[in-house]
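Residue strings, one per chain:
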Amino acid sequence: LKQAKKTRPHRKKVFRGHVNTGFACQIDFSPNGRFMVSGDGEGKAYFWDWKNCKMYRSFKAHTGGPCIGATWHPIEHSRVATCGWDGLIKYWD
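In short, a report on the structure. Since the structure is predicted, the reported quantities are computational estimates derived from the model, not experimental observations.

**Quick notes on the side chain of Asp 28**
- Along the chain, Asp 28 turns up in strand E1 (residues 27-29).
- The buried charged residue Asp 28 lacks any salt bridge, with Arg 79 as its nearest oppositely charged partner at 14 Å.
- Looking at Asp 28, its side chain comes within polar contact range of the side chain of Thr 71, at 2.8 Å.

**What about the pairing of strand E2 (residues 35-39)?**
- The buried fraction of E2 is high, at 5 of 5 residues.
- In E2, alternate side chains face the same way, and those of Phe 35, Val 37 and Gly 39 on one face and Met 36 and Ser 38 on the other are all buried.
- Here E1 folds back onto E2, and the loop between the two strands holds 5 residues, one of which, Gly 33, carries a positive phi near 80°.
- Pairing between E2 and strand E3 (residues 44-49): 5 bridges, direction antiparallel.

Rules behind the numbers
- Residues numbered from 1 in each chain as written.
- Predicted model: local features only at pLDDT ≥ 70, side-chain atom pairs only at ≥ 80, totals over all residues.
- Heavy atoms only, no water.
- Helix = DSSP H or I, 4+ residues; strand = E, 2+ residues; numbered from the N terminus.
- Buried < 20%, exposed > 50% of the residue type's maximum accessible area, 1.4 Å probe, protein only.
- Lys, Arg positive; Asp, Glu negative; His and termini not counted.
- Salt bridge = Lys/Arg side-chain N within 4 Å of Asp/Glu carboxyl O.
- Polar contact = N/O pair within 3.5 Å; in protein donor to acceptor, adjacent residues only side chain to side chain.
- Pairing = 2+ DSSP bridges.

Keep in mind these numbers describe shape, not what the thing actually does.
Right, here's the structure in full:
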């Protein structure tokens, strides 16, 4: 039997500022790999620079619960879709 490779966190990549305790909030990377997006437990969407781990922008995306998912559009690179427990899917420019 072949032993599987162990995975471990990338210690130099820590993204601070969002609250996701108790929620499995989806992350995604921009098509060019420069930015990362994530939702949080307070309904906000956060954008970070992947290279230096600094927060680029955040905004209130959903009310009444967490922003549980965020993903970049694969063709229209300036657009992001988010979804939340408020039952809405929002498309941002």
